[in-house]
Amino acid sequence: MRVCRTAVRFGWGAAALVLLTGGAPTAALEITLSGLRSAKGMVRLCVTADARSFPKCANDPHAVKRSAPAGQQVIRIEGLAPGSYALSVVHDENANGKLDTIAGIPREGFGFSQNPGLGFGPPRFASARFTLAGDANRQQVRMRYLF
């Protein structure tokens with residue numbers, strides 16, 4: 001009988017801990033980059049659920065941004081809520097913190113989730129959108145260079 005009371009107390013304590021810590025389900029996203037032309041500089045990623053903030057994430061306070069050395073081809077982001085997102089990646093070869101352009105054309109590498117086709121300007125959120133749910137959340141991003 002004593003074991004049962006302890007188990008019940010532990011069960012309620014665990015439930016209370018989940019409620020106090022937010023307990024919302026989260027997922028991880030594993031991003032694999034292909035086609036990086038060098039290991040120079042940094043790779044900068046932005047994951048957003050806000051279509052209006054894609055691809056820069058500048059106006060999304062909930063966007064998740066990460067930087068990693070360009071030699072790192074697999075990047076994992078933990079703690080994302082399940083839902084629809086889009087991902088943009090910049091290969092900041094000179095590590096100046098921005099995508100360098102000439103007359104609006106990128107001089108550094110870039111890529112997007114779902115690897116949408118290129119047109120004039122970046123793709124729309126809908127073209128890069130993917131759904132994050134469960135455990136097997138992977139995006140393979142092909143880097144592109146115009147110069």
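Coordinates for the structure precede this section.
Residues numbered from 1 in each chain as written. Predicted model: local features only at pLDDT ≥ 70, side-chain atom pairs only at ≥ 80, totals over all residues. Heavy atoms only, no water.

Residue alternation in strand β8 (residues 109-112) divides its side chains into two sets, G109 and G111 and F110 and F112, and both sets are buried. The sheet contact formed by strand β5 (residues 83-92) and β8 spans 4 bridges and is antiparallel. Bridging from a neighbouring strand, V89 pairs with G111 of β8. (Buried < 20%, exposed > 50% of the residue type's maximum accessible area, 1.4 Å probe, protein only. Helix = DSSP H or I, 4+ residues; strand = E, 2+ residues; numbered from the N terminus. Pairing = 2+ DSSP bridges.)

Right, let's get into the packing of aromatic side chains. How two aromatic rings sit relative to each other is set out by the distance from centre to centre and by the angle between their planes. Summed over all chains, the structure comprises 4 aromatic pairs. Measuring from centroid to centroid gives 6.0 Å for F54 and F125, while their planes differ by 80°, and the two rings are edge-to-face. With F54 in the loop between β2 (42-48) and β3 (64-69) and F125 in helix α2 (residues 125-128), the pair connects residues that are 71 residues apart, well separated along the chain. A relative accessible area of 10% means that F125 is categorised as buried. (Phe/Tyr/Trp six-rings, centres within 6.5 Å; stacked < 30°, edge-to-face > 60°.)

A few words now on the sheet that holds strand β10 (residues 138-142). Spatial strand order, β4-β1-β10: 3 strands in an open sheet with mixed pairing. Two strands in the sheet have a free side with no partner beyond their single neighbour: β4 (74-80) and β10. Strand-to-strand twist of the sheet, defined as the mean angle between neighbouring strand axes without regard to direction, takes the value 20°. Relative to β10, strand β1 (residues 27-34) is paired through 5 bridges, and the arrangement is parallel. Counted as the bridge partner of S34 is R142 from β10. (Axes fitted to C-alpha atoms, helices over the stretch in contact; angles between N-to-C directions.)

The next point concerns the state of the cysteines. Per the stated rule, a full pass over the model turns up 1 disulfide. In this model, C46 is linked to C57 through a disulfide, with the two sulfur atoms separated by 1.5 Å. Between C46 and C57 the sulfur-sulfur dihedral comes to about -125°; the bridge is accordingly left-handed. With C46 in strand β2 and C57 in the loop between β2 and β3, this residue pair connects regions lying 11 residues apart in the sequence. Each of the two residues, C46 as well as C57, counts as buried. (Disulfide = S-S within 2.5 Å.)

So, about the nonpolar core. Counting residues in each nonpolar core, the largest one holds 21 residues, and the members touching the most others are I31, L33, V43, L87 and V89. Breaking this core down by element, the ones donating at least two residues are β1, β2, β3, β4, β5 and β9 (130-132). Non-local contacts of V43, meaning those with residues more than four positions away in its chain, are made with L33, L36, R66, S67, A68, P69, A70, I75, V89 and V90. F54, A86, F110 and F112 belong to the second-largest nonpolar core, a separate cluster that totals 6 residues. (Core = buried A, V, L, I, M, F, W, Y, C linked by side-chain atoms within 4.5 Å. Contact = heavy atoms within 4.5 Å.)

Shape is all these values report; function is a separate question.
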